[in-house]
Amino acid sequence: METFLLATKLRIPPQTQHEVRRVRLLDALQEAVPRHKLTLVTAPAGYGKTTLLSQWAHESGMPTAWLSISPEDNDLERFFRYLVAAWEEAQPGISESPLGVLLGGMMPDMQVVLGEFVNAASEAPYHVAFVLDDYHLIEDEAIHRALAFLTDHLPPRAHFVLAARAEPPLPLARYRARREVAELHVDDLQFRQDEAADFLNDAMGLQVARDDVASLQERLEGWAAGLQMVALTLRRGLTAADKVTVSGRHRFISDYLSENVLADLPEGMRRFLLRTGILDRLSGPLCDAVTGEEGSQEVLEALERENLFVVPLDDSREWFRYHLLFADFLREQLQRRHPDEVADLHSRAARWYLEHELPDQALHHAVEANDAGIGVEVFDRYTNVKLNSGELGTIRRWLDLIPAQWHTDYPVIGLARGALYAFSGALHECIRCVDEVEQRLSPPVSVQAQTQLAKVSAVRCAIACMMHDVAQAETHAGRAFHELQGRDDPYVRLVYGALGDAYRSSGRWGEAKQMYHKVLDLPEGPSSLIHSVHVYGALADLELLQGRIRDAAAYWGKALAGIQDRATWGGLPLPLIGWVYIRMGEILYEWNELATASDHLSRGLERAELGDDIRAMIAGYLLGVQIKLAARDVGAAVEYLEKARPLVEGAEFPDWAARFERLQLEVWLAQDKLRAADSWAEEKLSAEPGGEGAEDEVRRLAGARALIASGDLAAVDRALRLVEGAMRAAEAAGRDGVVVEALALQALGRWKRGDHAGAMTSLERALRAAEPEGYVRLFVDLGLPMARLLQEARARDVMPDYVSTLLGEFVDAPALPGRGEAALPEPLSQREEEVLALLAAGLTNREIAERLVISAETAKKHVGNICDKLGVRNRTEAAARARELGLLK
């Protein structure tokens, strides 16, 4: 319902049978709009501004982004989200541009948004007009400044068209001097005599004599709304225009409508108009709720047929609005005739809007009704939603809108102010605000006060979790649950989510998972999707720690579905959206679905970079390193690595810093820079404090990888000790993903040591744990040494189907080491393989001797033997020939 109602703001109003085609004005617009940056249509209410622009938009052939402005649009982010959504209606694809991506996340950098708006307009293939109807409702100076900026920088193909009751506060003098603005004013919009005749006699089906038309046109001064009033009167029985008295354009509107329009209607119709006049938008179900009677849809359709100041907002005639003058008149009449009904009608409207998840409208009517109960419910249900969506300005506006007495009578509204402080980064102000609320509620003298105190405890639980005080958080959670558990209350969701995060960060995975599932099990509410995306990501990481890739992928898939839902556009943080794409890309990478992983990386990085989120950018760049290494594009991998380097060095993300170092190592190995890899391993492992964090584990396994690659048997022994230590810790903690990687490295190390049986045992254990989850890159990224082991496993009939699948994923499968060696007259010995690896890394004979603890003469002899077996003349040709035969990684 919400999506459809708000979509009416983005649709060009449909044309009706009672419209007069005003050729002279349509021609003027058709000539002016494409030639000017800005076109103004300004006149008081009732001169047909909207009707004229609607006609032009339907007939012009120019793509038109139409936005019907409401008072709620006085928020810069909201205004631009609607404007871009309107642009998407006119030119599909804008939502996928950087502009759409930016506005697809909460709290975008508005300066960047303005720049991307200009860029998108510059790249648009056709002219486009942005029609802003009722622009006079905009009071936010930030919006005026933004529109002025855009007008100054618009490319020739983009045009703004503003309809307003008065000149907007834009630098019009400058635009006029530059001839960048076209204008239609009240004198232009006045109906001429021929237009008045067409309206009365053709559109309204009357027979008014030429002289009577001229008299009416003169007395009404071409006022379209006045002509409509007269036409309604004449259609209801008067036969001569001289019986209609209209003095001036606006002076006696109320009396005229009361005496000549409302009085002639049937009682049921009159009652319907008076009771629904409080509504800005009209639909059958909404009007049924407000009037307490059924059949409102038929009444609305009848009013449109009668042209009784009802304007359709969609082609299906489900939503309407009253002409603004007529709506003002109806509200005044309701207050005069039935003042005792006004509050109740507003309360009914507020309740309907709240049931249909339209909090802005619900709060507006609650304030009009002075219905604090509904108002407090709006704050309770939607404060966290709006804040999590980045709509901090909306909460500020709500707090300013409500009566001062509500702040006094309902201290819980102070929690909304406290939450606003928290999201603004003012945690101390938040705590002070919560303290004040608690003091005003203590001691609780009613059940309602007890409930409000429970909500205070929920907020304190969240604050304690933010400060990593789990014990205090559990205490506050217990108090909150005592009163709130079992209720469909946003504060219950807040406590479960906060505790889940706290348990997860402190290593209490089982309890964290339990809390997250409690969030997902709660009944769906306004904030469900926002919380769910966070929770799915947290659950995915918990599964990854335990090596369960498929379960993690399922959670990331659910998060992905959430962020891709059009209804969430603008309601989730841009970095969070990028984070979901990137983390799902990691799983796709592990499954070796490189093309899809690359697509996810592109989408995720675009959002991470636009959102300027350091952690998401680091994750994205490191995934880029992996993807490019897998494609054997080492140069591109280095570029991604260098993008990540300053971010890693300037931020405090120890786990991502460790991943960065691991991938730096992989790049060195891909470049055959064994000396650099060996030096890194020596430096890191000698300084290793033996910590138990995830980053320490990553470094230990990376060090083992480097030591095994070096070929030094002493180094391999050291690597195996590192692997075994990491494996024991991981097995004790249930981190099965780490166990699989450790087993794979252990297999490589044992094979290097000549323990082929032990290597096969380790490899089989790794394969049996990895096969159900579909691990691929964990093995393939270990390069040709792992390919040799897998070939041996296949020869021994160890999990042949899975092993064959893995071997088929090696990019260099045509040049696998076994096949290369088979082409040699005499295969290399194990020591010669070690010397060859060091030779290819650029080490001299003396350095090789030192590394392998042999004499320089022996090293030289090995090099000579290698050259003979490879059929080459020197060390350089030996390295090249070895790579060609697949003897080197």
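Here is a short report on the structure shown in this document. (Residues numbered from 1 in each chain as written. Predicted model: local features only at pLDDT ≥ 70, side-chain atom pairs only at ≥ 80, totals over all residues. Heavy atoms only, no water.)

### Thoughts on the overall build of the chain
(1) Moving on: The number of helices and strands found in the chain is 48 helices and 10 strands.
(2) Moving on: Dimensions along the principal axes, computed over C-alpha positions, put the chain at roughly 125 × 70 × 50 Å.
(3) Moving on: For the chain, buried positions account for 57% of its 889 residues.
(4) Moving on: Accessible surface, the chain as shown: approximately 36800 Å² in total, 48% of it carbon and sulfur.
(5) Moving on: Each charge class in the chain can be summarised by its mean position, and for the 98 positive and 134 negative side chains these summaries are 4 Å apart. (Helix = DSSP H or I, 4+ residues; strand = E, 2+ residues; numbered from the N terminus. Buried < 20%, exposed > 50% of the residue type's maximum accessible area, 1.4 Å probe, protein only. Areas by Shrake-Rupley, 256 points an atom, 1.4 Å probe, with all protein chains shown as cover. Lys, Arg positive; Asp, Glu negative; His and termini not counted. Charge placed at Lys NZ, Arg CZ, Asp CG, Glu CD.)

### Topic: the sheet that holds strand β8 (residues 310-312)
(1) Moving on: Across the sheet, 3 strands lie side by side as β7-β9-β8; this open sheet has antiparallel pairing. Whereas interior strands pair on both sides, the edge strands pair on one side only; in this sheet they are β7 (282-283) and β8.
(2) Moving on: As paired elements, β7 and strand β9 (residues 319-322) share 2 bridges and run antiparallel to each other. Its bridge partner being in β9, L282 is matched across the sheet by F320.
(3) Moving on: Most of the contacts of helix α16 (residues 296-305) go to β9, to which it runs at about 55°, and overall it touches β7, β8 and β9. (Pairing = 2+ DSSP bridges. Contact = heavy atoms within 4.5 Å. Axes fitted to C-alpha atoms, helices over the stretch in contact; angles between N-to-C directions.)

### Regarding the pattern of salt bridges
(1) Moving on: Overall, the coordinates contain 55 salt bridges when judged by the stated rule.
(2) Moving on: In this structure, the salt-bridge partner of E666 is R662, at a minimum N-O distance of 3.5 Å. With E666 and R662 both in helix α35 (residues 654-670), this residue pair falls 4 residues apart, about one helical turn. With respect to class, E666 is no different from R662; both count as buried.
(3) Moving on: When salt bridges that share partners are traced, they join K9, D73, R78, D360 and R397 into one network. (Salt bridge = Lys/Arg side-chain N within 4 Å of Asp/Glu carboxyl O.)

### Here we look at the nonpolar core
(1) Moving on: Counting residues in each nonpolar core, the largest one holds 269 residues, and the members touching the most others are L273, Y322, L499, L763, L767, F779 and M786.
(2) Moving on: Dropping the residues within four chain positions of it, F779 is found in contact with V740, A744, L763, A766, L767, A770, M786, Y802, L806 and F810.
(3) Moving on: L10, V113, F130 and V181 belong to the second largest nonpolar core, which has 49 residues in total. (Core = buried A, V, L, I, M, F, W, Y, C linked by side-chain atoms within 4.5 Å.)

### Some words on the packing of helix α19 (residues 359-369) against helix α21 (residues 392-401)
(1) Moving on: At a closest axis distance of 11 Å, the pairing of α19 and α21 adopts a crossing angle of 10°. On the basis of their axis angle, the class for α19 and α21 is roughly parallel. When α19 is examined against α21, the residues P359, D360, L363 and V367 are found in contact with a partner set consisting of T394, R397, W398 and L401.
(2) Moving on: Considered class by class, the residues forming the contact of α19 with α21 number 5 nonpolar, 1 polar and 2 charged. (Parallel < 35°, antiparallel > 145°, perpendicular 65-115°, else oblique. Nonpolar A, V, L, I, M, F, W, Y, C, P; charged D, E, K, R; others polar.)

### Points about the packing of helix α23 (residues 413-423) against helix α24 (residues 427-441)
(1) Moving on: At a minimum axis distance of 7 Å, the contact between α23 and α24 shows a crossing angle of 170°. Taken together, the axes of α23 and α24 are roughly antiparallel relative to one another. Contact residues: α23 offers G414, L415, R417, G418, Y421 and A422, while α24 offers L427, E429, C430, R432, C433, V434 and V437.
(2) Moving on: When its residues are assigned to classes, the contact of α23 with α24 shows 8 nonpolar, 2 polar and 3 charged.

### Brief notes about unusual backbone geometry
(1) Moving on: Residue S442 is joined to P443 through a cis peptide bond whose omega torsion reads -10°.
(2) Moving on: Even without being glycine, R317 reaches a positive phi, approximately 60°.
(3) Moving on: Counting through the fold element by element, R317 comes out in the loop between β8 and β9.
(4) Moving on: A residue is classified by how much of its surface remains accessible, and R317, at 19% relative accessible area, is buried.
(5) Moving on: The phi dihedral of R632 is positive, around 65°, even though this residue is not glycine.

### What to know about the sheet that holds strand β6 (residues 181-184)
(1) Moving on: Sheet architecture is open: 5 strands sit in the order β2-β4-β5-β1-β6, paired in parallel fashion. With one partner strand each, in any of the chains shown, β2 (64-68) and β6 form the two edges of the open sheet. On average, each strand axis in the sheet is inclined to that of its neighbour by 15°, with strand direction left out of account.
(2) Moving on: Here strand β1 (residues 38-42) pairs with β6 via 4 bridges, running parallel. Bridge pairing in β6 links V41 to L184.

### What to know about the environment of D599
(1) Moving on: Turning to its location among the elements, D599 is positioned in helix α32 (residues 594-610).
(2) Moving on: A C-alpha to C-alpha distance of 8.9 Å links D599 and Y581, two positions 18 residues apart in sequence.

### With respect to the pairing of β2
(1) Moving on: Within β2, 5 of the 5 residues are buried, leaving the element largely enclosed by the surrounding structure.
(2) Moving on: Across the two faces of β2 the burial is the same, with T64, W66 and S68 and A65 and L67 all buried.
(3) Moving on: Relative to strand β4 (residues 128-133), β2 runs parallel, the two being bridged by 5 bridges. Bridge pairing in β4 places S68 opposite D133.

### What to know about the pairing of β4
(1) Moving on: Extensive coverage of β4 is indicated by the burial of 6 of its 6 residues.
(2) Moving on: Of the two faces of β4, the one carrying V128, F130 and L132 and the one carrying A129, V131 and D133 are both buried.
(3) Moving on: Looking at chain direction, β4 and strand β5 (residues 158-164) are connected through 5 bridges and run parallel. In the sheet register, F130 faces β5, and the bridge partner there is F160.
(4) Moving on: This β-α-β element, β4 to helix α7 (residues 141-153) to β5, shows right-handed connectivity. (Right-handed = clockwise from strand over helix to strand, strands pointing away.)

### Here we look at the state of the cysteines
(1) Moving on: Under the definition given, this model contains 0 disulfides.
(2) Moving on: We note that C433 lacks a disulfide partner, and the nearest cysteine sulfur, in C430, lies 7.2 Å from it.
(3) Moving on: Taking the relative accessible area as the measure of exposure, C433 reaches 6% and is therefore buried. (Disulfide = S-S within 2.5 Å.)

### Examining α23
(1) Moving on: Every buried residue of α23 is listed here: I413, G414, L415, A416, G418, A419 and L420.
(2) Moving on: Following α23 by one or two positions, G425 adopts a phi angle in the positive range, close to 90°.

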